[in-house]
Amino acid sequence: MRKKVIVIGAGIAGLASAIRLQHAGYNVEVIEKGKLPGGKMNRIEKDGYSFDLGPTLVMMPELYREVFELAGKDPDDYIPMQRLDPMYSVFFGNEKEDRYEISSDLTHLMETLETISDRDAQGFLTYIQKIYERFIVAKEHFLQRPFRHASDFYNPFMLRQAMKLRTLSSADKFIGKYVKNERLKHMLSFQTLYIGVSPYNGPSLYSIIPMIELLYGVWFLKGGMHTMAKALEKLFVELGGKITYQTEVEEILIKNGAARGVKLSDQIIHSDYVMCNADFPHAMKNLVKDQKAKGKKYTDEKIDRMKYSCSCFLMYLGMDKKYDQVDTIHNFFFSEHLKENIDQIFSGERIEHPSFYVYMGSKIEPSMAPEGKDGLYVLVPVSDLSTGDEKWDEETISYYRTKVLDTLKTIEGFENIENEIVSESYMTPVDFKEKLNAYNGACFGLRPNLMQSNHLRPQSKAKNCENLYFTGSSTHPGAGVPIVLLSAKIAADELMLDDGTLGSALTEGGA
């Protein structure tokens, strides 16, 4: 008889781990509190406009494709993609010389950098070479493996590899060794916000994120990012898996030191294993009620004291026109006070000059807006609920809405933007907490600082409970869609390792 696995949550990592386990021969059931798959990779539909709820930018497409290839499927049949060139535009003001289109084609990119300065273009190449060396070390020795035991990290070989990562300086300081122009430094460091950490105090290793963009490109999923979630759901069901929606898990059942299933509002479902894709801090505080299973490291008090990523305020605007003056679907608008802006995010102050991101998927995906119109997805990085002083009432929403629109009004084509809005909705940190169980409303989970990374981050295998595994952005290796897909692989492998089936799954072309 096949062993049963309950997966809590149909987020990307939950679905990807469920597919791996179903393919390996387990009987897998996913239980999801929402109506749709994807978790933060959900969709908002209103007044004929469709918006990706959270993630919008595809990097490292090979990791998206891997889970389909594992199951013997052609990824192009499920997640058709196209490469974007230029990848995005960056705005530092409203004049033509304040706007840069960033390409991953090295020839075009160097032409752009040389308009800034030859010296900084040369420095950029040095930065790429230096960070690429560290990227290879991280990829081979840290990102794709678990740290089940302390000795998995604290051994001579791994300590030598860790020294090669040189993580003690910040991304901004590391890039500043080679690039002096402030605008170019901003363009090469802001991407740490993709995983919810400041470029001014987050580990310098995270400057691999812009390197990945610039060397490997940015892609667009036909239909928007929710296509990935629907495709994973489709593949899982094709493999024989079961998904139950609009059902919330109240507790992970633990007996004699091992997970034995889950408790719902109206029933108990027994299983041999539990894979939890709910946000790790939320799960440990609310779903794991057995004190021994929490262990000394993840008591309720210690969960509250952990450091959390920033959050986001999101505006989903249905517009009454197309914005043809801007060609790129990804657009970043930087405040001239960027460091002050980012410092305020992580100190919890109200942001005086917010920077923000505008995504217009409807430019290349007609299904995302009515004919002749665009939808604008606007993301403003803000403090998480444990850090910030904001109440996220109508006054706070109005404050940030006004700041965004006042900036956009200075950009050609957006001068009359406030009068062109015909549909409007929002997501605040409170919504991320209440609707998606993101602890403290932190969109990216636990902050990936040095004390919460690699072996010090929550691992896939529960430390103090057998048959219980975790996956998602708050677990190792961290946040970001490609990285949580690696988390799903690690978690599935850890379960199969304990069950003694990992070798047979590999032999059969599995995980």
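These lines cover the structure that appears in this document, whether it is placed above or below. (Residues numbered from 1 in each chain as written. Predicted model: local features only at pLDDT ≥ 70, side-chain atom pairs only at ≥ 80, totals over all residues. Heavy atoms only, no water.)

So, the overall build of the protein
Summing up its helical and strand segments, the protein has 17 helices and 19 strands in all. A compact globule built from 511 residues should have a C-alpha radius of gyration of about 24 Å, and the protein, at 22 Å, falls within 12% of that. With respect to the principal axes defined by its C-alpha atoms, the protein has extents near 65 × 55 × 45 Å. Going through the 511 residues of the protein one by one, you find that 61% of them count as buried. In the protein, once contacts between residues fewer than 6 apart in sequence are set aside, the share between residues at least 24 apart is 71%. Carbon and sulfur atoms form 49% of the exposed surface of the protein, whose accessible area is close to 20700 Å². (Helix = DSSP H or I, 4+ residues; strand = E, 2+ residues; numbered from the N terminus. Rg over C-alpha atoms; globule rule 2.2 N^0.38 Å. Buried < 20%, exposed > 50% of the residue type's maximum accessible area, 1.4 Å probe, protein only. Contact = heavy atoms within 4.5 Å. Areas by Shrake-Rupley, 256 points an atom, 1.4 Å probe, with all protein chains shown as cover.)

Some details on the packing of aromatic side chains
Enumeration over the complete set of coordinates arrives at 36 aromatic pairs. Each ring, one from Phe 124 and one from Tyr 127, has its centre 6.1 Å from the other, and the planes form 50°; the classification is tilted. Taken together, the residues span about one helical turn, with Phe 124 and Tyr 127 both in helix H4 (residues 118-141) at a distance of three residues. A residue is classified by how much of its surface remains accessible, and Phe 124, at 2% relative accessible area, is buried. When the centroid spacing of 6.0 Å and the interplanar angle of 85° are considered together, the rings of Phe 190 and Tyr 194 count as edge-to-face. (Phe/Tyr/Trp six-rings, centres within 6.5 Å; stacked < 30°, edge-to-face > 60°.)

Digging into the sheet that holds strand E11 (residues 258-263)
Within a sheet, each strand pairs with its neighbour through backbone hydrogen bonds, oriented either parallel or antiparallel. Spatial ordering of the open sheet is given by E10-E11-E12, a layout of three strands whose pairing is antiparallel. Two strands in the sheet have a free side with no partner beyond their single neighbour: strand E10 (251-255) and strand E12 (268-270). On average, each strand axis in the sheet is inclined to that of its neighbour by 35°, with strand direction left out of account. Strand direction decides the pairing type here: E11 and E12, joined by three bridges, are antiparallel. Looking at E12, one finds that Gly 261 is bridged to His 270. (Pairing = 2+ DSSP bridges. Axes fitted to C-alpha atoms, helices over the stretch in contact; angles between N-to-C directions.)

Remarks on the packing of H4 against helix H8 (residues 208-216)
Taken N-terminus to C-terminus, the directions of H4 and H8 make an angle of 105°; their axes are 10 Å apart at the nearest point. If you check the angle between H4 and H8, you find them roughly perpendicular. Across the interface between the two elements, Phe 124, Tyr 127, Ile 128, Ile 131, Tyr 132 and Phe 135 from H4 touch Ile 208, Pro 210, Met 211, Ile 212, Leu 214, Leu 215 and Tyr 216 from H8. Its residues assigned to classes, the contact of H4 with H8 shows 13 nonpolar, no polar and no charged. (Parallel < 35°, antiparallel > 145°, perpendicular 65-115°, else oblique. Nonpolar A, V, L, I, M, F, W, Y, C, P; charged D, E, K, R; others polar.)

Some details on the pairing of E10
Pairing between E10 and E11: five bridges, direction antiparallel. Counterpart to Leu 253 in the pairing with E11 is Gly 261.

Topic: the nonpolar core
Ranked by internal contacts, the top residues of the largest apolar core, which has 147 residues, are Tyr 127, Met 228 and Leu 376. Sequence-distant contacts of Leu 376, defined by excluding residues within four places in its chain, comprise Phe 51, Met 315, Tyr 316, Leu 317, Met 319, Tyr 323, Val 358, Tyr 359, Met 360, Phe 414 and Ile 417. (Core = buried A, V, L, I, M, F, W, Y, C linked by side-chain atoms within 4.5 Å.)

Observations regarding the pattern of salt bridges
Across all of its chains, the model carries 30 salt bridges by this definition. Across the pair Glu 101 and Arg 99 runs a salt bridge whose closest N-O atoms are separated by 3.1 Å. Classification of Glu 101 as partly exposed rests on a relative accessible area of 33%. The exposure class of Arg 99 is partly exposed, given its relative accessible area of 23%. Here Glu 424 and Arg 401 are joined by a salt bridge, their closest N and O atoms 2.4 Å apart. (Salt bridge = Lys/Arg side-chain N within 4 Å of Asp/Glu carboxyl O.)

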